[in-house]
Amino acid sequence: MNAPLSPEQTQHMQRAERQRQVVQALQHVLPAHALLYTSEDTTPYECDGLTAYRARPLCVALPETEAQVQAVLKTCHALDVPVVARGAGTGLSGGAMPHIDGVTLSLAKFNQILQLDPVARTAVVQCGVRNLAISEAAAPHGLYYAPDPSSQIACTIGGNVAENSGGVHCLKYGLTVHNVLQVKGFTIEGDPVTFGSTALDTPGLDLLPVVVGSEGMLAVTMEVTVKLIPKPLLARCIMASFDDVRKAGDAVAAVIAAGIIPAGLEMMDGPMTAAVEDFVHAGYDLSAAAILLCESDGTPEEVEEEIGRMSEVLRGCGATAITVSRDEAQRLKFWSGRKNAFPASGRISPDYMCMDSTIPRKRVADILQAISEMEDKYQLRCLNVFHAGDGNLHPLILFDANDADQMHRCEQFGAEILETSVAMGGTVTGEHGVGIEKVNSMCVQFSADENEQMFGVKRAFDSKGLLNPGKVIPTLHRCAEYGKMLVRAGQVQHPDLPRF
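Residues numbered from 1 in each chain as written. Predicted model: local features only at pLDDT ≥ 70, side-chain atom pairs only at ≥ 80, totals over all residues. Heavy atoms only, no water.

(A) Representation of helix α11 (residues 328–339) in the model. Here α11 spans 16 Å end to end across 12 residues, near enough to the 16 Å set by a 1.5 Å rise per residue. Looking at α11, one finds that the buried residues are Gln-330, Arg-331, Phe-334, Trp-335, Gly-337, Arg-338 and Lys-339. If you check the start of α11, you find a side-chain oxygen 3.3 Å away from the backbone N of Ala-329, and it comes from Asp-327. (Helix = DSSP H or I, 4+ residues; strand = E, 2+ residues; numbered from the N terminus. Expected span 1.5 Å × (residues − 1). Buried < 20%, exposed > 50% of the residue type's maximum accessible area, 1.4 Å probe, protein only. Polar contact = N/O pair within 3.5 Å; in protein donor to acceptor, adjacent residues only side chain to side chain.)

(B) Quick peek at the side chain of Arg-86. Looking at where Arg-86 falls in the secondary structure, it is placed in strand β3 (residues 83–86). Buried charge Arg-86 goes without a salt bridge, the closest partner of opposite sign being Asp-48 at 6.4 Å. Side-chain polar atoms of Arg-86 contact the backbone oxygen of Cys-47, separated by 3.0 Å. Beyond its immediate stretch of four places on either side in the chain, Arg-86 contacts Pro-44, Tyr-45, Cys-47, Asp-48, Ala-96, Thr-104, Leu-105, Ser-106, Leu-107 and Ala-108. (Lys, Arg positive; Asp, Glu negative; His and termini not counted. Salt bridge = Lys/Arg side-chain N within 4 Å of Asp/Glu carboxyl O. Contact = heavy atoms within 4.5 Å.)

(C) Layout of the pattern of salt bridges. Under the defined criterion, the tally for this structure stands at 24 salt bridges. Residue Arg-20 pairs with Glu-17 through a salt bridge whose shortest N-O separation is 2.7 Å. Of this pair, Arg-20 and Glu-17 are both found in helix α1 (residues 7–26), three residues apart, which corresponds to roughly one turn of the helix. With a relative accessible area of 34%, Glu-17 lands in the partly exposed category. Its salt-bridge partner being Glu-416, residue Lys-377 comes within 2.9 Å of it at the nearest N-O pair. With Lys-377 in helix α13 (residues 364–378) and Glu-416 in helix α14 (residues 404–423), the pair connects residues that are 39 residues apart, well separated along the chain. The partly exposed category is assigned to Lys-377, whose relative accessible area is 44%. In this structure, a network of salt bridges that share partners links the residues Glu-46, Arg-54 and Arg-56.

(D) Just the pairing of strand β19 (residues 392–399), in detail. Summarising burial for β19: eight of the eight residues are buried, a large majority. Side chains of β19 alternate between two faces, with Asn-392, His-394, Leu-396 and Leu-398 and Leu-393, Pro-395, Ile-397 and Phe-399 buried alike. For strand β16 (residues 351–354) and β19, the ladder comprises four bridges, and the chain directions are antiparallel. Each residue of the ladder has a partner; that of Tyr-352, found in β19, is Leu-398. The pairing of strand β17 (residues 357–358) with β19 spans two bridges and is antiparallel. Counted as the bridge partner of Thr-358 is Asn-392 from β19. Summarising the sheet, strand β18 (residues 382–387) and β19 pair through six bridges and their orientation is antiparallel. (Pairing = 2+ DSSP bridges.)

(E) Looking closely at the environment of Gly-465. Note on placement: Gly-465 falls in the loop between α16 (448–461) and α17 (476–488). For Gly-465, a relative accessible area of 27% translates into the label partly exposed. Distance in space between the C-alpha atoms of Gly-465 and Asp-400 is 34 Å, their sequence separation being 65 residues.

(F) Fine view of unusual backbone geometry. Positive phi values are uncommon outside glycine, yet Glu-215 reaches one of about 55 degrees. Of note, Glu-215 is situated in the loop between α7 (208–211) and β10 (220–227). Taking the relative accessible area as the measure of exposure, Glu-215 reaches 6% and is therefore buried. The phi dihedral of His-281 falls on the positive side, at around 55 degrees, and the residue is not glycine. Counting through the fold element by element, His-281 comes out in the loop between α9 (270–280) and β14 (290–298). You can call His-281 exposed: its relative accessible area is 52%.

The structure is reproduced here in structure tokens:
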């Protein structure tokens, strides 16, 4: 008599049968080379830039035409199979992590610039076009695409739309939502849908800001019309050194209070500066407790006047040294250092978790002090780099994912940064999205009623909840469990935060 199967064996057999059904159905709509389903082939897709969390999908679809994308979505909808759309996989919140019972829909092959109109200053691009490729194509016309996330050499415009990405120049030129005119794609049912318009306005509800930043939960983006802007005649960058982090933080608020909107205003603390300088050799001041990078662009006259005003403000806030880029090469070197902050951190630690919260500019110094105290509390190092101009923090917590205790402490460290950011009047995310990483922390910022309203929008587009499920919006049960965990950990400290 055969022994009864264990629950794990039963689950494995059920998943294998489900995989067989899904693969068999998709083989009717995709060529053989466009469907991956063996463990060896699907392993490279098990995570995005947040490598701490991984899962393998039932299979990976790599369609080559929009008709194939449409067919994949219709098939999955009919079978009630979850779908996770994926671009370049550079996201940092686990937004593209597969669903273990779902299909990963890779859109990497949609990488063509369909139209570039230098007169209208627009470009129509497929979702898999790299961010930097748009500016490279527009350069001969004296134009470029403004949002410039640090991963712009690899990240795709479809992913930028999903996360509402920004970059070092977002302070002056805005995030993705401010630089996109139209998004076309498909619903989970495979129906074509268009958000926004190439005209000055569009009839009906303005749903473009709803889909930008929706993290693949409402529709699958296929085509994006972006705005292009003229390249400035001149750009120069100030590197300002400070012997105290609080002085640097206060200087950020002082620059904006003076009525100056720099093209970029970034901050790095001493440990981050050291890591970057060792990697890029950007010419950073290693004696400084923190440095600010403040850029001005425009006509030569505008730049000269603004550089002078910013320098005066920075000196008044206690800058110990001010270096202004002498030429374009040095300016690019300054920014190369900032944009390589993440890989520089990866060189000195087995793993890092990059957080992404926002706080009011006037609280920059306060949050940095709080993070310093958390380093002692959790016995983990944290390097700080962020878009100081709009208060978007990117603390990088260094840890070893092979050490379960370090992993646990890292998660607690990150959650406390997010909780503290909310307590200071900020939000749990700025441009990296919620994904799987911050879904629990959404319970700190939003009430059950507010989360239900977000689910209402989700249901309006995806009534079965098949697009990127289990991410971004926490359920009431998840919030309750997370609240209990915070209480047990003694981490609920702020009386103005929601109680569970």
